[in-house]
Amino acid sequence: MDSKPASRKTNLKQYRSVNGKWQFVPVVKVEGKPKPQLVLIDGKPESWKGGGKFFLEWYEDGKRKTKIAGVSPREALDAWQLLTGVLAGNIEAPDDQSDDDTIVTIDAAIARYLNEVKATKSKSTQRAYACDLRWFRKHCRKHYVSKLNREDMMTLFGAGRDEGLNQKTINKKVIVALQAMRGAGAVIDLKKGDWPKTTDKGIDIYQPEEIQRFFAECVPDEWMVFQVFLQTGFRSREVATLYWDDVDWNGGTLSVRAKPELEFKPKSYEERAVPVPWPLLKALKERTRSNPESNLIFPTPPHPKRPGYGGDKPDAHHLESCKEIAFRAKLNCNRCKDGKRSCAKGPFCSSWNLHKWRHTFATYSIRTYDIRTVQVFLGHKNISTTEKYLKSMRLGDLRVKVEQSLLAAFL
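This is a predicted model, so every value here is computed, not measured.

Reading the values: the criteria
- Residue positions are counted from 1 within each chain, in the order its sequence is given.
- In keeping with the model being predicted, local features are shown solely for residues with a pLDDT of at least 70 and side-chain atom pairs are shown and tallied solely at 80 or more, while totals for entire chains, interfaces and linings include all residues.
- In computing side-chain values, all of the structure's heavy atoms are included and hydrogens and water are not.
- By the criteria applied, helices consist of DSSP H or I runs no shorter than four residues and strands consist of E runs no shorter than two, each listed in order from the N terminus.
- Only protein chains enter the accessibility calculation, which uses a 1.4 Å probe. A residue is then buried if its area is under 20% of the maximum for its type, exposed if over 50%, and partly exposed in between.
- We call two residues in contact whenever any of their non-hydrogen atoms come within 4.5 Å of each other.
- Values of accessible area rely on a 1.4 Å probe in the Shrake-Rupley scheme; residue burial ignores everything except the protein chains shown.
- Charge convention: Lys and Arg are scored as positive, Asp and Glu as negative, and His as well as the terminal groups of each chain are ignored.
- Think of each charge as sitting on NZ of Lys, CZ of Arg, CG of Asp or CD of Glu.
- Only buried Ala, Val, Leu, Ile, Met, Phe, Trp, Tyr and Cys residues count toward a nonpolar core, and they belong to the same one when joined by side-chain atoms within 4.5 Å.
- A pair of strands is treated as paired once DSSP finds two or more bridges between them.
- Angles here are taken between N-to-C directions and fall from 0 to 180 degrees, while the axes themselves are lines fitted to C-alpha atoms, restricted in helices to the stretch in contact.
- Helix span, expected: 1.5 Å multiplied by one less than the number of residues in the helix.
- Under the rule applied, a polar contact is a pair of N or O atoms within 3.5 Å (in protein, one hydrogen donor and one hydrogen acceptor; residues adjacent in sequence only if both atoms are side-chain atoms).
- Under the pairing criterion, centres of Phe, Tyr and Trp rings, with the six-membered ring standing for Trp, must be within 6.5 Å; the plane angle then separates stacked pairs below 30 degrees from edge-to-face pairs above 60, leaving the rest tilted.
- Our angle categories are set so that under 35 degrees counts as roughly parallel, over 145 as roughly antiparallel, 65 to 115 as roughly perpendicular, and the remainder as oblique.
- What makes a crossing left-handed is the near helix being turned counterclockwise from the far one by less than a right angle; a clockwise turn instead makes it right-handed.
- Only Asp, Glu, Lys and Arg are considered charged in this grouping, and only Ala, Val, Leu, Ile, Met, Phe, Trp, Tyr, Cys and Pro are considered nonpolar; every other residue, Gly among them, is considered polar.
- The predictor reports its confidence for every residue as pLDDT, a score running from 0 up to 100.

A. Broad picture of the overall build of the protein. Along its length, the protein carries 15 helices and eleven strands. In the protein, which comprises 411 residues, the proportion classed as buried is 41%. The contacts in the protein between residues at least 6 apart in sequence include a share of 56% that link residues at least 24 apart. When the accessible surface of the protein is totalled, it reaches about 24600 Å², and 52% of it is carbon and sulfur. Taking the average place of the 71 positive charges on the side chains of the protein and the average place of its 50 negative ones, the gap between the two points comes to 2 Å.

Structural data, given as structure tokens:
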């Protein structure tokens, strides 16, 4: 969008207190574009420190007009870009061109929504939502919340398919966009048949032979880490932030607890304890004698050439370690390719990932314990999430019946 001609017609200024007196001061321009972080006071640039409001000023039909542009530099620049685009005819005008400051832009709505998410969700959820909304913004050409409608959401479904995204992923991104825009006042009514149906994937687990070969290649520290993954079903961050205090030596359990100092909260904020076999507890007990410096069970190892690296910080390299061990054990599928990287030549196999250990734990546990117990072990908020593992148990029972069937007798 070429907004240079319009930018000369639109000025941005701030109403703020200067030496105890409220007045309008101009915003610094860089190559014709305002930089709201800086304002001119007595001809000298000064950084924005909060307080006051930004205003737009332009001429229309020979008359000077002003309009509030927000209270932060981000809101001010967004408002300036939109107005210059409208005046240049490159952006559609809102339904109401009055000075009503209740007209909300999509960018402003996204910023407000992410700020609300920051107050209630974990950092990983914040990052996921921000990614979903960047994708939405890339495919949405409109600029005002009031202009959004059903057609824009249907466009998103099509864009996701063009990019080859999984349908569940597309639906999730659209849901996040709808939440953000409806929260800002958008009226978007989707019909029942608008949501594309999704196909549930089968549960992918590590097979007994793979597990045996994997652990045969592990050095003691690696063996310990991945036995914890296998025996608890913990998620990667839950394993990385385990403290020695999370081990109940008498009860024989490992616990997941919130650790604000590590910026960690359990998913769905559900703390839980999972019983583990005594041989694993015995191995952990022996490990305490060799690692007394850190309260973390699996801290990041010190780096020989990077002072201050590791020590008392959670190890964030378990995924790389998992793939490396699988490669050493010759367990790669030899089909994965990502650019120049091939799992036939290195530790890049997508078949080996940390969440697959969790699936393996759940699949074997559902054959041993009742479903409510497994739900607690996994920390699932809804039992429907746990029920997907019942399918594997039913298939195991069917396997026996197939071998004993009348049809099998003809082979």
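The rest of the description comes next.
B. Representation of the nonpolar core. One finds Phe214, Phe215, Phe226, Leu254, Cys322, Trp352 and Trp357 to be the most contacted residues of the largest nonpolar core, which totals 47 residues. Counting residues per element, the ones that place at least two in this core are helix 7 (208-216), helix 8 (220-232), strand 8 (253-256), helix 10 (278-290), helix 11 (318-328), helix 12 (354-366) and helix 13 (371-378). Looking at this core, the element that brings in the most residues is helix 8, giving six residues. When neighbours within four sequence positions are excluded, Trp357 is seen to be in contact with Tyr206, Ile211, Phe214, Phe215, Phe226, Phe229, Leu230, Cys322 and Trp352. Ranked by size, the runner-up nonpolar core spans 27 residues in total, among them Tyr113, Leu133, Leu156 and Phe157.

C. Quick look at the sheet that holds strand 3 (residues 33-41). Taken in spatial order, the six strands make up an open sheet running 4-3-2-1-5-6, and their pairing is antiparallel. Bordering the open sheet on either side are strand 4 (44-47) and strand 6 (63-70), each of which pairs with just one other strand. Within this sheet the neighbouring strands show an average axis-to-axis angle of 45°, counted without direction. Along the sheet face, helix 2 (residues 73-88) touches strand 1 (10-18), strand 3, strand 5 (53-60) and strand 6 and points at about 125° away from the line of strand 3.

D. Examining helix 6 (residues 167-183) more closely. The terminal C-alpha atoms of helix 6, which comprises 17 residues, lie 24 Å apart, in line with the 24 Å expected from a rise of 1.5 Å per residue. Taken residue by residue, helix 6 has Gln167, Ile170, Asn171, Lys173, Val174, Val176, Ala177, Leu178, Ala180 and Met181 as its buried positions. Those residues of helix 6 hidden inside the fold are in contact with helix 3 (106-120), helix 4 (123-139) and helix 5 (150-162). Of the residues flanking the start of helix 6, the one acting as N-cap is Asn166, its side-chain oxygen 2.7 Å from the backbone nitrogen of Lys168. Where helix 6 terminates, the next one or two residues include Gly185, which has phi positive at roughly 105°.

E. How the structure looks around the packing of aromatic side chains. Tallying each qualifying case throughout the model produces 18 aromatic pairs. Plain terms: the ring middles of Phe226 and Phe229 are 5.6 Å apart, the flat faces sit at 25° to each other, and that makes the pair stacked. Residue Phe226 and its partner Phe229 are both found in helix 8; the two are separated by three residues, about one turn of the helix. Under the relative-accessibility criterion, Phe226 is labelled buried at 1%. With a centroid separation of 6.5 Å and 20° between ring planes, the pair formed by Trp244 and Trp249 is classed as stacked. A relative accessible area of 11% places Trp244 in the buried class.

F. Representation of unusual backbone geometry. In this structure, Lys330 is a non-glycine residue whose phi angle is positive, near 60°. Inspection of the secondary structure puts Lys330 in the loop between helix 11 and strand 10 (337-338). We note that Asn334 has phi near 65°; this positive angle belongs to a residue other than glycine. Looking at the secondary structure, you find Asn334 in the loop between helix 11 and strand 10.

G. Representation of the packing of helix 12 against helix 13. Taken N-terminus to C-terminus, the directions of helix 12 and helix 13 make an angle of 160°; their axes are 10 Å apart at the nearest point. The angle between the axes of helix 12 and helix 13 places the two elements in the roughly antiparallel class. Crossing hand, helix 12 versus helix 13: right-handed. Residue-level contacts link Arg358, Phe361, Ala362, Ser365 and Ile366 of helix 12 to Ile371, Val374, Phe377 and Leu378 of helix 13. A breakdown of the residues in the contact of helix 12 with helix 13 according to their chemical character gives seven nonpolar, one polar and one charged.

H. Summary view of the environment of His139. Relative to the helices and strands, His139 resides in helix 4. When the C-alpha positions of His139 and Leu77 are compared, they lie 21 Å apart, and in sequence the two are 62 residues distant. Among all residues touching His139, those that are not within four sequence positions of it are Thr155, Leu156, Ala159 and Glu163.

I. Expanded view of the side chain of Arg235. Among the secondary structure elements, Arg235 is positioned in the loop between helix 8 and helix 9 (236-240). Residue Arg235 is classed as buried on the basis of its relative accessible area, which comes to 16%.

J. Just the sheet that holds strand 7 (residues 247-248), in detail. Here three strands make up an open sheet; going across it, the order is 7-8-9 and the pairing antiparallel. Each edge of the open sheet carries a strand with a single partner, namely strand 7 and strand 9 (272-275). Across two bridges, the pairing between strand 7 and strand 8 is antiparallel. Residue pairing in the sheet places Asp248 in a bridge with Thr253 of strand 8.

K. Geometry of the confidence of the model for the protein. Here the protein averages 86 in pLDDT, and 90% of its residues register 70 or above. Confidence over residues 1-8 falls short of pLDDT 50; this stretch has 13 contacts with residues more than four positions distant or in other chains.

L. Structural detail: the pairing of strand 4. Taken together, the four bridges between strand 3 and strand 4 define a ladder with antiparallel strand orientation. If you follow Leu40 over to strand 4, its bridge partner there is Pro45.

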